[in-house]
Amino acid sequence: MLMGIPVIDKDGKKTVITRWAHLQDYKFEETFREYKANLLAFGRSNRNQNGEYLNIGVSGTVIKMGAGLFEQMEYGNTEYYSDTNQVLKIIEDSVSELCVGKIPVSERKVVIRTGERGAAIFHKGVLNQVNGWQIMNFTQNPGVISKVSSPLHSNALSAGFQFVEYKAPNGVVLTLEIEPLYSDPVRNKILHPLGGTAMEYCFDIVNMGSTEVPNIQLARLNGQEEMRGMRSGMRNPYTGALNNPYMSFEDDKAEMHKQATLGVFILDTTRVKRILPSILA
């Protein structure tokens, strides 16, 4: 390769790799991580109402598929809205219901995951809420207006800001995060009348719980890490070494394989909530 790929090993040491196989392995790992993320988020359980699994593999083993994060959240609280101007109030009321009598005031920090269009709705809602405050004092907020270069004027200016956090009454702090999966048109087929996918208007209230016992946790098989394997031909694709005594192909090529068994679970579904546009009802 004509360009190096900087990487950091397990010891934190930075090195540069220059072999083609490392680039392909990097791209493969990106795709593999995307598969795992889709599985954890959108996975659907194949267990029927009687608690039975009817899918049988070629070997005769029963195939068990657990519910993903979104399916588990649906067992908790789901609410639909049609008026985007009321979203912030719905979120504030929903979080209050989740917190009162359950979470101390000092720990009411809630993460809300949404799409890019949902982030714009959240910003407009907060802007309307604080419209009567004198928040646009340029002396105290110099970043709101800044000088830029433009052929249109010798003293060109740029103005703008975005609210990504809102401090509601009774210690509730709402922090916004963008979820790229909501904007994926391949995964999300239903479109919204205002543009984009309907999932971009989804607001997922994810109360992660305390740091000691997170409410949402990843699950893995005890003692079993993710597996990696390779089959190669006459040479090692990573080191370039020739005369591979355990070659799998007569051609000068290699195959990489990866396998992972993992899942996600919610300890208390009453501490999470989905606020969806009415088109998804």
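Residues numbered from 1 in each chain as written. Predicted model: local features only at pLDDT ≥ 70, side-chain atom pairs only at ≥ 80, totals over all residues. Heavy atoms only, no water.

A.B. asks: Tell me about the overall build of the protein, residues and numbers included.
C.D. replies: For the protein, the helix and strand inventory stands at 4 helices and 14 strands. Over its C-alpha trace the protein gives a radius of gyration of 25 Å, far above what one expects of a compact globule, namely 19 Å for 281 residues. The dimensions of the protein, computed from C-alpha atoms along their principal axes, are 75 × 65 × 40 Å. In the protein, buried positions account for 30% of the 281 residues. Of the contacts made within the protein by residues no fewer than 6 positions apart, 65% connect residues no fewer than 24 positions apart. With an accessible surface of roughly 18,600 Å², the protein has 53% of that area assigned to carbon and sulfur atoms. If the 30 positive side-chain charges of the protein are averaged to one point and the 30 negative ones to another, these points end up 3 Å apart. (Helix = DSSP H or I, 4+ residues; strand = E, 2+ residues; numbered from the N terminus. Rg over C-alpha atoms; globule rule 2.2 N^0.38 Å. Buried < 20%, exposed > 50% of the residue type's maximum accessible area, 1.4 Å probe, protein only. Contact = heavy atoms within 4.5 Å. Areas by Shrake-Rupley, 256 points an atom, 1.4 Å probe, with all protein chains shown as cover. Lys, Arg positive; Asp, Glu negative; His and termini not counted. Charge placed at Lys NZ, Arg CZ, Asp CG, Glu CD.)

A.B. asks: Describe the nonpolar core, listing the residues and the values that go with them.
C.D. replies: As a rule of thumb, soluble globular proteins bury nonpolar side chains together. Counting residues in each nonpolar core, the largest one holds 26 residues, and the members touching the most others are Ile91, Leu174 and Phe203. Broken down by secondary-structure element, the contributors of at least two residues to this core are helix 3 (87-99), strand 4 (109-114), helix 4 (116-129), strand 8 (173-178) and strand 9 (203-206). When neighbours within four sequence positions are excluded, Leu174 is seen to be in contact with Leu88, Ile91, Val95, Val110, Ile112, Phe122, Val164, Glu165 and Tyr166. In this structure, Cys202, Ile216, Val264 and Ile266 belong to the second largest nonpolar core, which totals 17 residues. (Core = buried A, V, L, I, M, F, W, Y, C linked by side-chain atoms within 4.5 Å.)

A.B. asks: Before we move on, could you go through empty space enclosed by the protein and cite the residues and values that matter?
C.D. replies: Enumeration according to the criterion identifies 1 cavity of 30 Å³ or more in this entry. The volume enclosed by the largest cavity comes to roughly 30 Å³. Together, Arg220, Leu221, Gln224, Glu225, Glu226 and Thr261 line the largest cavity. In the lining of the largest cavity, the residues fall into 1 nonpolar, 2 polar and 3 charged. (1 Å grid on protein atoms, 1.4 Å probe; cavity = no way out; pocket = protein on both sides within 12 Å on 5 of 7 lines; lining within 4 Å. Points joined across faces, edges and corners; volume = space filled by probe spheres on them. Nonpolar A, V, L, I, M, F, W, Y, C, P; charged D, E, K, R; others polar.)

A.B. asks: Hey, could you go over the side chain of Gln72 for me, with residue numbers and the actual values?
C.D. replies: Within the element layout of this structure, Gln72 appears in helix 2 (residues 69-74). Beyond its immediate chain neighbours, meaning those up to four positions away, Gln72 contacts Ala67, Val264, Phe265, Ile266 and Thr269.

A.B. asks: Before we move on, could you go through the environment of Ser248 and cite the residues and values that matter?
C.D. replies: Its place among the elements puts Ser248 in the loop between strand 11 (227-232) and strand 12 (254-259). Overall, the relative accessible area of 39% leaves Ser248 in the partly exposed class. Each C-alpha atom of the pair Ser248 and Asn46 lies 37 Å from the other, and the pair is 202 residues apart in sequence.

A.B. asks: Go over the layout of surface pockets, please, and point to the residues and values.
C.D. replies: Empty space within the largest pocket amounts to approximately 350 Å³. Where the lining of the largest pocket is concerned, the elements lending two or more residues are helix 1 (20-42), helix 2, strand 9 and strand 10 (216-220). Considered class by class, the residues forming the lining of the largest pocket number 13 nonpolar, 1 polar and 3 charged.

A.B. asks: Explain unusual backbone geometry residue by residue, including any values.
C.D. replies: For Asn170, which is not a glycine, the phi torsion comes out positive at approximately 60°. Looking at the secondary structure, you find Asn170 in the loop between strand 7 (165-167) and strand 8. What makes Asn170 exposed here is its relative accessible area of 57%.

A.B. asks: Tell me about the environment of Gly160, residues and numbers included.
C.D. replies: Looking at the element boundaries, Gly160 is found in the loop between strand 6 (157-159) and strand 7. Judged by relative accessible area, which is 42%, Gly160 ranks as partly exposed. Taking C-alpha positions, Gly160 is 9.1 Å from Ser146, a pair spaced 14 residues apart along the chain. Once residues within four sequence positions are removed from consideration, Gly160 is found in contact with Gly143 and Val144.

In short, geometric facts, not functional conclusions.
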